[in-house]
Amino acid sequence: MADTIYDLIVIGSGPGGYVCAIRAAQLGLRTALVEKDKTFGGTCLNIGCIPSKALLHASELYEQTGHIFAKMGIKVGAPKLDLGAMMKFKDEGVDGNVKGVAFLLKKNKVDTFTGVGRIAAPGKVEVKGGNGKAQMLDTKAIVIATGSDVARLPGISIDEKRVVSSTGALVLDKVPERMLVIGAGVIGLELGSVWRRLGSQVVVVEFLDRILPGMDNEVCRQFQRILEKQGISFKLSSKVTSVDASGNRLKVKVEPASGGAAETIEADVVLVCVGRVPYSNGLGLDEVGVEKDNRGRVVIDDHFATNVPGIYAIGDVIAGPMLAHKAEDEGVAVAEIIAGQAGHVNYDVIPNVVYTYPEIASIGKSEEELKAAGVAYNAGKFPFTANGRAKVNLQTEGFVKILADAKTDRVLGVHIMGPDAGNMIAEAAVAMEFGAAAEDIARTCHAHPTLTEAVKEAALAVGKRSIHM
Ligand SMILES: Cc1cc2nc3c(=O)[nH]c(=O)nc-3n(C[C@H](O)[C@H](O)[C@H](O)COP(=O)(O)OP(=O)(O)OC[C@H]3O[C@@H](n4cnc5c(N)ncnc54)[C@H](O)[C@@H]3O)c2cc1C
């Protein structure tokens, strides 16, 4: 009997759960992973980060072929869309990634169980397979990594055909003539961009008076203008109150957020992107007494421990930014803590990327946050119009902004809008993790000609001494 007792059972195989299981196994813990879906990888690999980035990449190339190629002397004629083939390309990318996770779990000798996991008691996880049969597993510790689900709007039912969530928007079988996106957050703008590039007329309705709530205001204002130039239109400070699906076209009622006369907008597809909610259904949390907050998130302490000894939680199911890399880092940290080490996540240095064109990437504090906290700072800004590589590539939209403490020069926030911003933000993450000053970045030799020189120039601009401006 003793050899059936695991040191750790992880419930959920998203980036939080599978990374946690692998790290625990590396540390010598006898580890099992329970997943209810057919494939590993969770939201991120199956219906989130990976398929959306595949479509963003393919649709961006499609658009570039039609616009920028001719300017570079590449004549290919007008590009033709084969949506079925593009979807196949995306599906193959997902398949390769989920198989990669299965391989890694096997390589690290993590036992895997397919079925719905339920915590029957501390130290006991019941797994119910598709055939209805249940088995009970014994364990010393449990990590809840069950992630999140699509948030819904009252009165608007999602059929994943015409009224879709992000999941349905990743598998549409034809390009809608008109798409209405509810919510100007990251996912709405990314998927809205995909379908706009493929030919849809896209209108985005947002309750707040700005897009990308929480991100640096200056970046968002400029970004909205760029998206408008690309053809996306916005209705800010507005709310969707109903979607009538009785006719051939959807009739969407949109009202000012503060109330007032409604207008009706017609659309072929409505994409509901109003956020995500923690997923903890059927897990038995109430029965075992695991505390949740008023938004349904599992409450944890500084060591990812819930109020019930031996039960921990990570990823989208707890508070904090709903990001795959945040979940992964928590997975590593909690495995190390359970193994007796000092696992830790630095929540001040978590990058946030919007994979549109141009990309937006930010880390640390925004100007608004620093002002609200009364922190004196210097801002250094450098536009891509003055960066040699961006100029020659015809990709000059956007800028790099570095915010540094006025007294110590320590970097407090970095905001990049531009080509490849998602890759460039890694430099800022490393610098901030090491407590760098803007001066450190400014004195670091950056290869020429690269877009990263704009980061160095923004750091020089903090001290009002950029060279190329
Ligand atoms: C369209 C879209 C695009 C996104 N793009 C990005 C991006 O570019 N970058 C980024 O950082 N983040 C992105 N995200 C967010 C990212 O996907 C999540 O933050 C991340 O997947 C959270 O990881 P997780 O491990 O906490 O949970 P999840 O990935 O949600 O995984 C949870 C897993 O638990 C399983 N599960 C749930 N309950 C049970 C149970 N009782 N028993 C067994 N298994 C169970 C689920 O089936 C699922 O597989 C995107 C999300 C969406 C929807």
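Note that this is a predicted model, so its numbers are computed, not measured.

Conventions adopted
Residues numbered from 1 in each chain as written. Predicted model: local features only at pLDDT ≥ 70, side-chain atom pairs only at ≥ 80, totals over all residues. Heavy atoms only, no water. Near = heavy atom within 4 Å. Polar contact = N/O pair within 3.5 Å; in protein donor to acceptor, adjacent residues only side chain to side chain. Areas by Shrake-Rupley, 256 points an atom, 1.4 Å probe, with all protein chains shown as cover. Helix = DSSP H or I, 4+ residues; strand = E, 2+ residues; numbered from the N terminus. Nonpolar A, V, L, I, M, F, W, Y, C, P; charged D, E, K, R; others polar. Pairing = 2+ DSSP bridges. Axes fitted to C-alpha atoms, helices over the stretch in contact; angles between N-to-C directions. Contact = heavy atoms within 4.5 Å. Expected span 1.5 Å × (residues − 1). Buried < 20%, exposed > 50% of the residue type's maximum accessible area, 1.4 Å probe, protein only. Parallel < 35°, antiparallel > 145°, perpendicular 65-115°, else oblique. Left-handed = near helix turned anticlockwise from the far one by under 90°. Patch = residues over 30% accessible without salt bridge, like charges linked within 9 Å, V, L, I, M, F, W, Y side chains within 5 Å. Salt bridge = Lys/Arg side-chain N within 4 Å of Asp/Glu carboxyl O. Phe/Tyr/Trp six-rings, centres within 6.5 Å; stacked < 30°, edge-to-face > 60°. Lys NZ or Arg CZ within 6 Å of the ring centre and 35° of its normal.

### Focus on the site of the ligand
Around the ligand sit 39 residues in total, of which Glu 35, Thr 43, Lys 53, Gly 117 and Ala 324 are the nearest. Residue Lys 36 places a main-chain N or O atom 3.1 Å away from a nitrogen atom belonging to the ligand. A distance of 3.3 Å separates an oxygen atom of the ligand from a polar side-chain atom of His 325. Isolated, the ligand exposes 1,000 Å² of accessible area, and the fraction of that covered by the protein chains is 95%. Secondary-structure elements contributing two or more residues to the shell around the ligand are helix H1 (15–26), strand E2 (31–35), helix H2 (42–47), helix H3 (49–71), strand E4 (116–121) and helix H9 (324–338). Element by element, the count of residues in the shell around the ligand is highest for H2, at four residues. Its residues placed into classes, the shell around the ligand shows 16 nonpolar, 17 polar and six charged.

### Observations regarding the sheet that holds strand E19 (residues 359–364)
One open sheet accounts for five strands, arranged E18-E19-E22-E21-E20; its pairing is antiparallel. Only two strands of the sheet have a single neighbouring strand rather than two, namely strand E18 (352–354) and strand E20 (377–383). Ignoring strand direction, the axes of neighbouring strands in this sheet form an average angle of 10°. Examined bridge by bridge, E19 and strand E22 (residues 411–418) share six bridges and lie antiparallel to one another. Residue pairing across strands places Ile 363 opposite Val 414, the latter belonging to E22. Against the sheet, helix H7 (residues 217–230) engages E19, E20, strand E21 (399–405) and E22, with an angle of about 5° to E22. Where helix H12 (residues 421–433) meets the sheet, its contacts fall on E18, E19 and E22, and the angle it forms with E19 comes to roughly 10°.

### Section: H1
Given a rise of 1.5 Å per residue, twelve residues ought to cover 16 Å, and the 16 Å separating the end C-alpha atoms of H1 matches this to within 8%. Most of H1 sits out of view: ten of its twelve residues are buried. Looking only at H1, the buried set comprises Pro 15, Gly 16, Gly 17, Tyr 18, Val 19, Cys 20, Ala 21, Ile 22, Ala 24 and Ala 25. The inward-facing, buried residues of H1 contact strand E1 (5–11), E2, H2, helix H4 (83–107), strand E6 (134–144) and H9.

### A look at the packing of H3 against H4
Where H3 meets H4, the axes come as close as 9 Å, and the angle between the chain directions of the two elements is 140°. Between H3 and H4, the crossing angle belongs to the class labelled oblique. The crossing of H3 and H4 is right-handed. Every residue of H4 that contacts H3 at Ile 50, Pro 51, Ala 54, Leu 55, His 57, Ala 58 and Ser 59 is listed here: Met 86, Met 87, Phe 89, Lys 90, Gly 93, Val 94 and Asn 97. For the contact of H3 with H4, the per-class residue count stands at nine nonpolar, four polar and one charged.

### Examining the side chain of Gln 224
For Gln 224, the position within the fold is in helix H7. A relative accessible area of 16% means that Gln 224 is categorised as buried. The residues contacting Gln 224, other than those within four sequence positions of it, are Ile 211, Phe 234 and Leu 236.

### Things to note about a nonpolar patch on the surface
On the surface, Met 72, Ile 74, Val 76 and Leu 394 cluster together into a nonpolar patch covering about 350 Å² of accessible area. Looking at where Ile 74 falls in the secondary structure, it is placed in the loop between H3 and H4.

### Some points on the pattern of salt bridges
Throughout the structure, instances matching the rule amount to 23 salt bridges. Salt-bridge contacts for Asp 95 lead to Lys 99; the nearest nitrogen and oxygen are separated by 2.8 Å. Residue Asp 95 and its partner Lys 99 are located together in helix H4, separated by four residues, close to a single helical turn. Take Asp 95: its relative accessible area is 34%, and that puts it in the partly exposed class. Overlapping salt bridges bring together Asp 216, Glu 218, Glu 367, Lys 381 and Lys 401 as one network.

### What to know about the packing of aromatic side chains
Taken as a whole and judged by the stated rule, the model has one aromatic pair. A centroid spacing of 6.3 Å and a plane angle of 85° characterise the contact between Tyr 6 and Phe 113, whose relative ring orientation is edge-to-face. With a gap of 107 residues between them, Tyr 6 in strand E1 and Phe 113 in strand E3 (residues 111–114) connect regions that are remote in the sequence. The pair Tyr 6 / Phe 113 is uniform in exposure class, with both members buried. Sitting over the face of the ring of Phe 399, Lys 381 holds its NZ or CZ atom 4.5 Å from the ring centroid.

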